[in-house]
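Residue-level structure breakdown
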Amino acid sequence: MERDASTGTVAGLLLAAGGGRRLGGRPKALLEYGGRPLVEHTARALRAGGCGPVHIVLGADAAQVRERAALDDYAVTVNPHWEQGMGSSLRAGLEALAATGAPAVVVALVDQPGIGATAVARVVAAYASPRTLASASYGGRRGHPILLGSAHWAAIAASAVGDQGARSYLRRHEEAIALVECGDVAVPADIDTPDDLRLLADPPEPPAPGATER
């Protein structure tokens with residue numbers, strides 16, 4: 001697929017606004033990973049994977065996150081409506097990015113420590129034009145990060161309600177999505193419950209080449 005060379009750099013968007021309700025109200029952005037807030041890890045992965053600029057959407061305890069995390073090198077948007085769900089944070093992020101002229105954005109979630117720069121770079125490489133839709137896949141199953149060409153942003157924002165994010169829009173345009181297999185370099189496990197906190201101490205690793213899942 002030939003890339004549209006006339007456009008700018010693919011941006012990164014990190015959704016990190018959640019309040020961690022099932023974690024007892026601990027904002028996921030502030031979970032400790034490698035001695036630092038988790039939000040830093042995913043922001044670095046977006047940048048190292050080739051995204052620029054990188055925007056971060058905060059919400060729950062935003063002031064505390066900005067105080068404790070090293071985010072000066074990133075553009076930060078605070079979503080005052082974060083309790084309405086991920087859709088409101090996606091809308092806030094896309095609105096902030098509209099002024100940058102970015103032709104596309106790679107969207108990542110703060111609670112997936114097993115996804116790093118290599119998976120981001122693969123998804124970035126799928127960009128061809130502002131009409132591109134692409135997604136990391138794991139054994140053929142769509143997951144994050146996802147790439148949204150700017151031609152789709154307005155329609156995605158209009159359909160992003162509750163915790164849907166871009167899900168409903170992507171479901172309606174399934175045939176247009178380029179799947180980028182990342183199961184050999186990343187694991188899309190979410191941190192949603194206290195049991196999942198083990199992923200921070202023992203990050204999931206991709207299966208060894210040739211391994212058979214059971």
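Now for a quick tour of the structure. (Residues numbered from 1 in each chain as written. Predicted model: local features only at pLDDT ≥ 70, side-chain atom pairs only at ≥ 80, totals over all residues. Heavy atoms only, no water.)

1. Overview of the environment of Val180
Selection criterion: Only DSSP runs of H or I reaching four residues or more are called helices, and only runs of E reaching two or more are called strands; each is numbered from the N terminus. Summary of the burial criterion: residues with accessible area below 20% of their type's maximum are buried, those above 50% are exposed, and those between are partly exposed, where the area comes from a 1.4 Å probe applied to protein chains only. Contact definition: two residues touch when any of their heavy atoms are within 4.5 Å.
Mapped onto the fold, Val180 is located in strand 9 (residues 177-181). With a relative accessible area of 13%, Val180 lands in the buried category. For the pair Val180 and Val54, spaced 126 residues apart in sequence, the C-alpha separation works out to 21 Å. With near-sequence residues (within four places) excluded, Val180 lies in contact with Arg122, Val123, Ala126, Ser135, Ala136 and Ser137.

2. Remarks on helix 3 (residues 86-98)
What counts, and what does not: A helix is expected to span 1.5 Å multiplied by its residue count minus one.
In this model helix 3 runs 18 Å from its N-terminal to its C-terminal C-alpha over 13 residues, within 8% of the 18 Å that 1.5 Å per residue would give. Gly87, Ser88, Ser89, Leu90, Ala92, Gly93, Leu94 and Leu97 are the residues of helix 3 that are buried. On its buried side, helix 3 packs onto strand 1 (11-16), strand 4 (54-58), strand 5 (75-78), strand 6 (104-109) and helix 5 (153-159).

3. Re the sheet that holds strand 5
Quick note on the threshold: A pair of strands is treated as paired once DSSP finds two or more bridges between them. Fitted lines through C-alpha atoms serve as axes, helices being fitted only where they are in contact, and the angles separating the N-to-C directions of these axes extend from 0 to 180 degrees.
Taken in spatial order, the seven strands line up as 5-4-1-6-8-7-9 in an open sheet, and their pairing is mixed. Every other strand in the sheet has two partners, leaving strand 5 and strand 9 as the edge strands with one partner each. In this sheet, neighbouring strand axes are inclined to one another by 25° on average, regardless of whether the strands run parallel or antiparallel. Two elements, strand 7 (residues 133-138) and strand 8 (residues 141-149), share five bridges in a ladder whose sense is antiparallel. Bridge pairing in strand 8 links Leu133 to Leu148. Against the sheet, helix 3 engages strand 1, strand 4, strand 5 and strand 6, with an angle of about 150° to strand 1. Across the sheet, helix 4 (residues 117-124) is in contact with strand 6, strand 7, strand 8 and strand 9; its angle to strand 8 comes to roughly 55°.

4. A short note on the environment of Ala125
Tracing the backbone shows Ala125 in the loop between helix 4 and strand 7. Note on Ala125: relative accessible area 55%, which makes it exposed. Sequence separation between Ala125 and Val10 is 115 residues, and the spatial gap between their C-alpha atoms is 9.5 Å.

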